[in-house]
Amino acid sequence: MRRLNRKKTLNLMKELDAFPKVPESYVETSASGGTVSLIAFTTIAFLTVMEFMVYRDTWMKYEYEVDKDFTSKLRINIDITVAMRCQYVGADVLDLAETMVASADGLIYEPVVFDLSPQQKEWQRMLQLIQSRLQEEHSLQDVIFKSAFKSASTALPPREVNSFQSPDACRIHGHLYVNKVAGNFHITVGKAIPHPRGHAHLAALVSHESYNFSHRIDHLSFGELIPGIINPLDGTEKIAADHNQMFQYFITVVPTKLHTYKISAETHQFSVTERERVINHAAGSHGVSGIFMKYDISSLMVTVTEEHMPFWQFLVRLCGIIGGIFSTTGILHGFGGFVAEVVFCRFRLGSHRPTSVPLPDGHTSNHLPLTTDNSMH
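Read on for a plain summary of the structure.

Analysis parameters
- Residues numbered from 1 in each chain as written.
- Predicted model: local features only at pLDDT ≥ 70, side-chain atom pairs only at ≥ 80, totals over all residues.
- Heavy atoms only, no water.
- Helix = DSSP H or I, 4+ residues; strand = E, 2+ residues; numbered from the N terminus.
- Expected span 1.5 Å × (residues − 1).
- Buried < 20%, exposed > 50% of the residue type's maximum accessible area, 1.4 Å probe, protein only.
- Arc of directions from axis to C-beta.
- Core = buried A, V, L, I, M, F, W, Y, C linked by side-chain atoms within 4.5 Å.
- Contact = heavy atoms within 4.5 Å.
- Disulfide = S-S within 2.5 Å.
- Pairing = 2+ DSSP bridges.

### Some points on helix H3 (residues 118–136)
Alright, step 1. The first and last C-alpha atoms of H3 sit 27 Å apart over 19 residues, in line with the 27 Å expected at 1.5 Å per residue.
Alright, step 2. When H3 is considered as a whole, its buried residues turn out to be Gln120, Trp123, Gln124, Leu127, Gln131 and Leu134. Down the axis, H3 shows its buried residues gathered within 95° of arc, on one side only. With respect to the buried face of H3, the exposed residues turned more than 90 degrees away are Pro118 and Glu136.

### Things to note about the nonpolar core
Nonpolar side chains tend toward joint burial in soluble globular proteins.
Alright, step 1. Phe185, Ile187, Ile251, Met293 and Tyr295 are the most contacted members of the largest nonpolar core, which totals 36 residues.
Alright, step 2. Residue assignment for this core shows that the elements contributing at least two residues are strand E2 (73–82), strand E3 (89–95), strand E6 (169–179), strand E7 (183–189), strand E10 (215–223), strand E12 (245–259) and strand E14 (290–297).
Alright, step 3. Those residues within four positions of Tyr295 in sequence are excluded, and the remaining contacts are Ile76, Val93, Val178, Val181, Ala182, Gly183, Asn184, Phe185, Phe222, Ile251 and Val253.
Alright, step 4. Counting residues in each nonpolar core, the second largest holds eight residues, with Met60, Ile226, Ile263 and Val304 among its members.

### A short note on the state of the cysteines
Alright, step 1. Tallied over the full model, the rule gives one disulfide.
Alright, step 2. Disulfide partner of Cys86: Cys170, at an S-S distance of 2.2 Å. Here Cys86 and Cys170 share a disulfide; its torsion about the S-S bond, 105°, makes the bridge right-handed. Placement of Cys86 in the loop between E2 and E3 and of Cys170 in strand E6 is noted, with a sequence separation of 84 residues between them. Considered together, Cys86 and Cys170 belong to a single accessibility category, that of buried residues.

### A few points about the environment of Val101
Alright, step 1. Within the secondary structure, Val101 sits in strand E4 (residues 100–102).
Alright, step 2. Taking C-alpha positions, Val101 is 7.7 Å from Leu176, a pair spaced 75 residues apart along the chain.
Alright, step 3. In contact with Val101, other than residues within four places in its own chain, are Asp92, Val93, Leu176, Tyr177 and Val178.

### Brief notes about the pairing of E12
Alright, step 1. Judged from the 15 bridges that link them, E12 and strand E13 (residues 264–278) form a sheet pairing that is antiparallel. Across the sheet, Pro255 pairs through a bridge with His268, a residue of E13.
Alright, step 2. The turn joining E12 and E13, which pair antiparallel and follow one another in sequence, is formed by four residues.
Alright, step 3. Taken together, the eight bridges between E12 and E14 define a ladder with parallel strand orientation. Looking at the pairing, Phe247 lines up with Ile291 of E14.
Alright, step 4. Relative to strand E15 (residues 300–308), E12 is paired through four bridges, and the arrangement is parallel. Opposite Thr256, over in E15, you have Val302 as the bridge partner.

Here it is, written out as structure tokens:
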């Protein structure tokens, strides 16, 4: 009884077989079919390798939402070298809430030589080249996000020791924590002192002839410091053409959450426009000589996520490639065989066209003459 049920089950499964087998005695092979099969297998292998490379690759997905965090502090990372002695310059931040953040809260004044060494000049040249490429190819920013924390450091390499050069500049580096509102970070003549209506700088004791706000921005970023990320002002160098010159940078800061397979961090991107002018009160150009970075915080937050193709999607695409190529090559091979057969049949009919045979009564016969045994011999 069990054998009978098992046999019925097997017969039922055979009837449901959607892939019936054809005996080999009924299968006919040809040279053209073998050529088409070879082309099909080669194409499948090539596209499979390309699809696997696409599967291994990742891409960055950008999402936008309103930034609802207004209570946290904003970190500003600074590394700027000014071509003046440290005792002549001062740096601080003043925001829209009239809150002053002095440089003593996190910045270091270090006497250095303004001119770069050959190794440092090469570093700056490469960094400026990368910046120019980033402005032309915006997709390179995705590559920088992916390589964060595993790429080489973007910091200025240390200078080789040279005791013959005396320091003629001041490197201001470190970080400050400010309110998450628009503000103004500036470097100007004299140290900053508190004032009931804001703040002031003690510039009266510094001669105008010593003013030189030529500067180099080795690094400027907002938020968490992430090695490998190149910011828009990194590597910027400005040479002052006059003693009383003002350099202005207008910065828009965008809060950014970065989630990749390597890191997960909260940082800030920013865009910047630059302006510089000579202070000449007689000509109507008013202001204060110095370096001014006016920043504003965007109300939108960007979430950058690294995504990867799911494995099931890779399998579906792979099956589509294999099945599509087999079906397409089969159709093309069948159509080519049909065309070739039609052409060859017409050629054969043309070579064996019947000849006209005259009859005694004046009529003609278009039938082929019968072949007899004598004619065959």
